[in-house]
Amino acid sequence: MSQSNDILEPRLVAVDSYYLSVINDRIQDLSSNSEHLSMALNTIIADDDASKGVITAIQGALFHNSQSASDISEMLDQLIVMPPVEVKSHE
C-alpha cells in the first residue's frame, strides 16, 4: 500500500468481519511480540553508556510500536462489531 492517505478518496469497500478479525489477530501478535522483545532486552547487561542508550532507544521504539498496534486493534474492534450495511444497486 504505497498510496498516501490524502491521495485516497473515501469509498465504501466490502470487507468480511472475519477477515478483519484475522487482521486484528495479527496486529495483536505484533503488539505482543514487541512487548516480549522489550522484556528480553531487559536481560542484557551493558556496562557502557552507549550500549545502555541503544537498548533504551530500542525499548522505546518497541513500546511505541506496541501502543500503536493496540490502538489499531481497538479501531478494528469497532469496525468488526458494526452492523452490516445493505448496499443497493443503482442499475
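Heads up: the structure comes first, above all this text.
Residues numbered from 1 in each chain as written. Predicted model: local features only at pLDDT ≥ 70, side-chain atom pairs only at ≥ 80, totals over all residues. Heavy atoms only, no water.

Colleague: Looking at this structure, how should I read the overall build of the protein?
Modeller: Broken down by element type, the protein carries two helices and zero strands. For the protein, whose C-alpha radius of gyration is 19 Å, the value lies well above the compact-globule estimate of 12 Å for 91 residues. Considered along the principal axes of its C-alpha atoms, the protein spans approximately 70 × 25 × 15 Å. Considering the protein as a whole, with its 91 residues, one finds that 16% of them fall into the buried category. Taking all contacts inside the protein whose residues are at least 6 apart in sequence as the whole, residues at least 24 apart take part in 73%. Looking at the protein as shown, the accessible area adds up to about 7,900 Å², and 58% of this sits on carbon and sulfur atoms. (Helix = DSSP H or I, 4+ residues; strand = E, 2+ residues; numbered from the N terminus. Rg over C-alpha atoms; globule rule 2.2 N^0.38 Å. Buried < 20%, exposed > 50% of the residue type's maximum accessible area, 1.4 Å probe, protein only. Contact = heavy atoms within 4.5 Å. Areas by Shrake-Rupley, 256 points an atom, 1.4 Å probe, with all protein chains shown as cover.)

Colleague: Any chance you could explain helix H1 (residues 17–41) here in plain terms?
Modeller: Over its 25 residues, H1 runs 36 Å from end to end, which matches the ideal 36 Å to within 8%, given 1.5 Å per residue. Within H1, the full set of buried residues consists of Leu20, Asn24, Ile27, Ser31, Ser34, Ser38 and Leu41. Buried-residue contacts for H1 involve helix H2 (49–80). Sitting at the amino-terminal end of H1 is Asp16, which places a side-chain oxygen 2.9 Å from the backbone nitrogen of Tyr18. (Expected span 1.5 Å × (residues − 1). Polar contact = N/O pair within 3.5 Å; in protein donor to acceptor, adjacent residues only side chain to side chain.)

Colleague: Sorry if this is basic, but what is going on with the pattern of salt bridges here?
Modeller: Opposite charge on two side chains lets them pair, provided their charged atoms get close. Using the criterion set out here, one finds one salt bridge in the structure. With its nearest N and O atoms 3.1 Å apart, the salt bridge here joins Arg26 to Asp29. Remark: Asp29 and Arg26 occur in helix H1; sequence separation between them is three residues, near one turn of the helix. On the accessibility criterion, Asp29 (35% relative accessible area) is partly exposed. (Salt bridge = Lys/Arg side-chain N within 4 Å of Asp/Glu carboxyl O.)

Colleague: What should I look at first to understand the side chain of Ser38 in this one?
Modeller: Among the secondary structure elements, Ser38 is positioned in helix H1. Given the relative accessible area of 17%, Ser38 is considered buried. Every residue in contact with Ser38, bar those within four places of it in the chain, is listed here: Gln59 and Leu62.

Colleague: Mind showing me how you'd approach a nonpolar patch on the surface here?
Modeller: Together, Leu12, Val85 and Val87 line one region of the surface with nonpolar side chains, adding up to about 390 Å² of accessible area. Looking at where Val87 falls in the secondary structure, it is placed in the segment after H2. (Patch = residues over 30% accessible without salt bridge, like charges linked within 9 Å, V, L, I, M, F, W, Y side chains within 5 Å.)

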